[in-house]
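Here is what each chain is made of, one letter per residue.
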Amino acid sequence: MTHPPGLQTQATTPAFIPSNRNQSEAVIGGVAALFILLVALNLIRRWMIRICRPNEMLVVTGSRSNQGQQGIKGYRVVANGGWTFVKPILETARRMDVTLLPVLVEVKNAYSKGGTPLNIQAIANVKVSSDPEVRNNAIERFLGRNPEEIVQVARENLEGNLRSVLAQLTPEQVNEDRLRFAERIAEDVGDDLRRLGLQLDTFKIQSVSDDVDYLNSISRRRVAQIVCDAKIAES
């Protein structure tokens, strides 16, 4: 087919064809956007989201919260593995360990009923209480303190209560029924520790002794009496 003279032919092309360069720029832009999103999410997780482990309490200061019977406090508490949002700059989250702390209790020359001085060795396990009715006492007294300081406070209270209970019992009662002796100490010290925000898990008497050989004398006298009774019975 021939065209009229002077009329030039023009090939028709698509309006837009994306080039390889444009495709590469789109891919790079998508990757960059994804990277920025991941970085932003990570910053949000680190700066705004706090997760509480089962063996701790999370104390967030900087905002007021209603804690029921405890009233309005300038902090909120997250426990038992929960989580919370923390406002950057405005709020601060601090962790408080609630794991067991072993406390060695040793009392020397503590006078029992009747005036006999005894030496007592015991072991206790205490921890910061996570009970909503008690934990605020611990937060206000021990937040930011070292575990050694908590152990020292618990030891002093246990030693004081041990001496108090010991003064009401004879050496024979202490030595023969150590379980009941430990139970009485735990009962007496329980209220004092709750006021401090602490909880006594276990308390065991390890040894009871004296420097005047009183307990050994009682033991020998009883053994001699048993031997004598056995000889009489054989006769």
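Okay, so let's go over this structure.

**Quick look at the pattern of salt bridges**
Then comes step 1: Applying the stated criterion across every chain, the model contains eight salt bridges.
Then comes step 2: As a salt-bridge pair, Glu-56 and Arg-53 come within 3.1 Å of each other at their nearest N and O atoms.
Then comes step 3: When its relative accessible area of 5% is taken as the criterion, Glu-56 is described as buried.
Then comes step 4: Overall, Arg-53 belongs to the partly exposed group, its relative accessible area being 46%.
Then comes step 5: The shortest N-O distance in the salt bridge between Arg-145 and Glu-149 comes to 2.7 Å.
Then comes step 6: Three or more residues are tied together by salt bridges with common partners; here these are Arg-53, Glu-56 and Arg-95.

**Looking at the sheet that holds strand β2 (residues 56-66)**
Then comes step 1: Across the sheet, which stays open at both edges, the three strands sit in the order β3-β2-β5 with antiparallel pairing between neighbours. Across the chains shown, the open sheet's two edge strands, defined by having one partner strand only, are β3 (72-78) and β5 (92-97). Strand-to-strand twist across the sheet, computed as the mean angle between neighbouring axes with direction ignored, equals 35 degrees.
Then comes step 2: Sheet topology note: the β2/β3 ladder contains six bridges and is antiparallel. From the neighbouring strand, Asn-66 faces β3, where its bridge partner is Ile-72.
Then comes step 3: Taken strand by strand, helix α2 (residues 135-142) contacts β2, β3 and β5, and its axis lies near 100 degrees from that of β3.

**Focus: the packing of helix α3 (residues 147-166) against helix α5 (residues 178-196)**
Then comes step 1: Running from N to C, α3 and α5 cross one another at 135 degrees; their axes reach a closest spacing of 9 Å. The orientation of α3 with respect to α5, classified from their angle, is oblique. Considering only the axes of α3 and α5, their crossing is right-handed. Across the interface between the two elements, Val-153, Asn-157, Leu-158, Asn-161, Leu-162, Val-165 and Leu-166 from α3 touch Phe-181, Arg-184, Ile-185, Asp-188, Val-189, Asp-192, Leu-193 and Leu-196 from α5.

**Description of the packing of aromatic side chains**
For any two aromatic rings, the description comes down to two numbers: the centre-to-centre distance and the angle of the planes.
Then comes step 1: This model, assessed by the stated rule, comprises one aromatic pair.
Then comes step 2: The interplanar angle of 75 degrees and the centroid separation of 5.3 Å between the aromatic rings of Trp-83 and Phe-85 together place this pair among those described as edge-to-face.

**Side note on the sheet that holds strand β6 (residues 101-111)**
Then comes step 1: With respect to topology, three strands assemble into an open sheet ordered β6-β7-β8, the strand pairing being antiparallel. Both edges of this open sheet fall to β6 and β8 (198-209), since each of them pairs with a single strand only. On average, each strand axis in the sheet is tilted by 20 degrees relative to the strand beside it, whichever way the strands run.
Then comes step 2: Where strand β7 (residues 117-128) lies against β8, ten bridges are found, and the strand directions are antiparallel. Bridging from a neighbouring strand, Lys-127 pairs with Gln-199 of β8.
Then comes step 3: Its contacts with the sheet put α3 on β6, β7 and β8, and the angle it makes with β6 is roughly 35 degrees.

Conventions adopted
- Residues numbered from 1 in each chain as written.
- Predicted model: local features only at pLDDT ≥ 70, side-chain atom pairs only at ≥ 80, totals over all residues.
- Heavy atoms only, no water.
- Salt bridge = Lys/Arg side-chain N within 4 Å of Asp/Glu carboxyl O.
- Buried < 20%, exposed > 50% of the residue type's maximum accessible area, 1.4 Å probe, protein only.
- Pairing = 2+ DSSP bridges.
- Helix = DSSP H or I, 4+ residues; strand = E, 2+ residues; numbered from the N terminus.
- Axes fitted to C-alpha atoms, helices over the stretch in contact; angles between N-to-C directions.
- Contact = heavy atoms within 4.5 Å.
- Parallel < 35°, antiparallel > 145°, perpendicular 65-115°, else oblique.
- Left-handed = near helix turned anticlockwise from the far one by under 90°.
- Phe/Tyr/Trp six-rings, centres within 6.5 Å; stacked < 30°, edge-to-face > 60°.

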